[in-house]
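Descriptive analysis of the structure
Chain by chain, the residues:
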Amino acid sequence: MPDLQQIIDRSRRIVCFTGAGVSTASGIPDFRGADGLYAGKWKGLTPEMILSQSFFFLHPEAFFEFYREKLLFPKAKPNAAHLAMERLERAGKLRGVVTQNVDGLHKRAGNKLVYEIHGSVWENYCMDCNAFYGLEKILNSPGIPRCDRCGGVVKPWVVLYGEAPDKYSCMGACREISNCDTLIVAGTSLSVEPAASFLDYFHGKHLVVVNAEPTPADDKAELVLRGNAAEVFESLEIRV
Ligand code: APR
Ligand code: ZN
């Protein structure tokens with residue numbers, strides 16, 4: 001069986017499918033790991049309930065308090081896993097990163113071909129006039145962030161429970177997964193749909209899973225690396 005280095009050397013059209021586990025090395029907790037965001041409650045509420053569309057509309061003040069406290073890491077930096085994927089893109093081997101993460105770290109690492117299927121904390125829009133705002137608007141506004149232009153509520157472009165993921169990112173993600181020769185699934189429990197089902201579009205040669213814990217894709221994978229994604233990717237030789 002080839003190792004990851006051999007698979008990467010032989011591949012020409014790689015897609016990386018990532019989850020929160022590739023950002024833990026940057027200091028951002030995952031969701032379902034032992035110390036993940038979903039491991040505890042917040043003011044007696046479950047994070048999954050707070051991160052829902054209905055909670056956002058019914059309790060916007062509490063939503064933004066939780067969101068600022070638990071989902072924003074503006075100082076987090078890309079780690080070795082992100083940087084390796086950027087080198088793969090510069091080497092012309094990467095067709096895209098499909099990410100469930102909203103931390104923006106793949107783009108901050110320099111990747112251009114990124115499909116943020118759950119959105120990004122770096123993009124925020126007025127719900128009334130659709131004006132765009134950066135992350136500083138959310139960070140610097142007390143309580144519910146309001147549009148400077150029309151006073152409407154500024155909502156993060158982050159897919160909440162009960163909302164559909166971004167259609168165009170999903171279409172692009174499925175297109176690239178269906179055309180790639182190698183799919184590297186890294187740092188995800190594959191717990192959430194439709195993201196987890198994107199793997200059904202893969203018909204290529206090498207399916208690789210890099211994850212600290214077992215995943216539903218393990219038995220279909222050619223190679224399963226049980227470990228820290230940052231260390232696994234850091235060890236790769238990627239000739240740009
Ligand atoms: N290296 C490798 N794997 C890791 C690391 C690491 N350094 N740290 C954590 N992991 C693994 C965990 O063991 C877990 O299996 O990454 C996986 C992360 O799984 P989740 O916490 O469920 O995160 P994710 O799969 O991205 O969640 C998907 O769920 O709540 C929604 O919108 C949210 O995008 C998120 C989606
Ligand atoms: Zn507005």
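No experiment lies behind these values; they were computed from the predicted model shown.

The rules behind each value
- Throughout, residues of each chain are indexed from 1 in the direction in which the sequence is written.
- A letter from A marks each chain and a number from 1 marks each ligand, given out in the order of writing.
- Only residues with pLDDT of 70 or above have their local features reported here, since the model is predicted, and side-chain atom pairs are shown and tallied only from 80 upward, although totals for entire chains, interfaces and linings are computed over all residues.
- Side-chain numbers here rest on the full set of heavy atoms in the structure, without hydrogens or water.
- Each metal site lists N, O and S donors within 2.8 Å (3.2 Å for Na, K and Ca). With water left out of the atoms, a site can look as if it is missing ligands.
- Angle rules define the geometry names used: all angles between 85 and 135 degrees makes four donors tetrahedral, while opposite donors over 155 degrees apart and all other angles between 65 and 115 make four donors square planar and six octahedral, leaving every other case irregular.
- Secondary structure elements are taken from DSSP: a helix is a run of H or I of four residues or more, a strand is a run of E of two residues or more, and numbering for both begins at the N terminus.
- Here's how the labels work: a residue is buried when its accessible area is under 20% of the maximum for its type, exposed when over 50%, partly exposed in between, all with a 1.4 Å probe on protein chains only.
- Strand pairing is assigned whenever DSSP detects at least two bridges linking the two strands.
- Axis lines are fitted through C-alpha atoms, for helices just across the contact stretch, and the angle between N-to-C directions can take any value from 0 to 180 degrees.
- Stacked, tilted and edge-to-face are the three classes assigned to paired rings of Phe, Tyr and Trp, where Trp is represented by its six-membered ring and a pair needs centres within 6.5 Å; plane angles under 30 degrees give stacked, over 60 edge-to-face, the rest tilted.
- To be near a molecule or strand, a residue needs just one of its heavy atoms within 4 Å of it.
- Think of a polar contact as two N or O atoms within 3.5 Å of one another; within protein, one of them needs to be a possible hydrogen donor and the other a possible acceptor, and neighboring residues in sequence only count if both atoms come from side chains.
- What sets the accessible areas is the Shrake-Rupley method with a 1.4 Å probe; for residues, cover comes only from the shown protein chains.
- Classification convention: Asp, Glu, Lys, Arg as charged; Ala, Val, Leu, Ile, Met, Phe, Trp, Tyr, Cys, Pro as nonpolar; all other residues, Gly among them, as polar.

1. A look at the coordination of the zinc ion (ligand 2)
Any two of four tetrahedral donors ideally make an angle of 109.5 degrees at the metal, while pairs among six octahedral donors ideally make 90 or 180 degrees. The zinc ion (ligand 2) binds to the protein through Cys126 (SG), Cys129 (SG), Cys147 (SG) and Cys150 (SG); the donor distances cover 2.2 to 2.3 Å. Coordination at the zinc ion (ligand 2) comes from four donor atoms whose angles at the metal span 100 to 118 degrees, giving a geometry best classed as tetrahedral. Considered as a linear motif, the donors of the zinc ion (ligand 2) on their single chain read C-x2-C-x17-C-x2-C. Taken together, the residues span a long stretch of sequence, with Cys126 in strand β4 (residues 119–126) and Cys147 in the loop between α7 (135–140) and β6 (154–158) at a distance of 21 residues. Take Cys126 and Cys147: they sit in the same class, and that class is buried.

2. With respect to the pairing of strand β2 (residues 94–99)
Most of β2 is tucked away: five of the six residues are buried. Pairing geometry for strand β1 (residues 14–18) and β2, over five bridges, is parallel. The residue of β2 that forms the bridge with Val15 is Gly96.

3. Some points on the sheet that holds β1
Pairing is parallel across the open sheet formed by six strands, whose spatial order is β3-β2-β1-β7-β8-β9. This sheet does not close on itself; its edge strands, each paired only once, are β3 (114–116) and β9 (223–226). Strand-to-strand twist across the sheet, computed as the mean angle between neighbouring axes with direction ignored, equals 15 degrees. Looking at chain direction, β1 and strand β7 (residues 182–186) are connected through five bridges and run parallel. Bridge pairing links Phe17 to Val185 in β7.

4. Some points on the sheet that holds strand β5 (residues 132–133)
For sheets, the rule is that strands pair by backbone hydrogen bonds, running either parallel or antiparallel. Reading across the sheet, the three strands line up as β5-β4-β6 and stay open at both edges, with antiparallel pairing between neighbours. Edge positions in the sheet fall to β5 and β6, since each has one partner strand and no second. Where β4 lies against β5, two bridges are found, and the strand directions are antiparallel. Among the inter-strand pairings, Tyr125 is bridged to a residue of β5, identified as Phe132.

5. Observations concerning the packing of aromatic side chains
Summed over the entire model, instances satisfying the criterion amount to nine aromatic pairs. Arranged with centres 5.7 Å apart and planes meeting at 65 degrees, the rings of Phe56 and Phe64 form a pair that is edge-to-face. Judged by relative accessible area, Phe56 falls into the buried class, the value being 2%. Measuring from ring centre to ring centre gives 6.4 Å for Phe64 and Tyr67, while their planes differ by 85 degrees; the resulting arrangement is edge-to-face. You can see Phe64 and its partner Tyr67 sitting in helix α4 (residues 60–70), three residues apart, about one turn around the helix.

6. Examining the site of ligand 1
As a matter of local geometry, ligand 1 sits amid 22 residues, with Phe31, Arg32, Tyr38, Thr188 and Ser189 nearest to it. Between Ser189 and ligand 1, the recorded distance is 2.6 Å, taken from a side-chain N or O atom to an oxygen atom. Between ligand 1 and the protein, one listed contact pairs a nitrogen atom with a backbone N or O atom of Ala229 at 2.8 Å. Look at ligand 1: alone it shows 730 Å² of surface, and the protein chains cover 93% of it. The residue inventory of the shell around ligand 1, partitioned by class, reads eight nonpolar, eleven polar and three charged.

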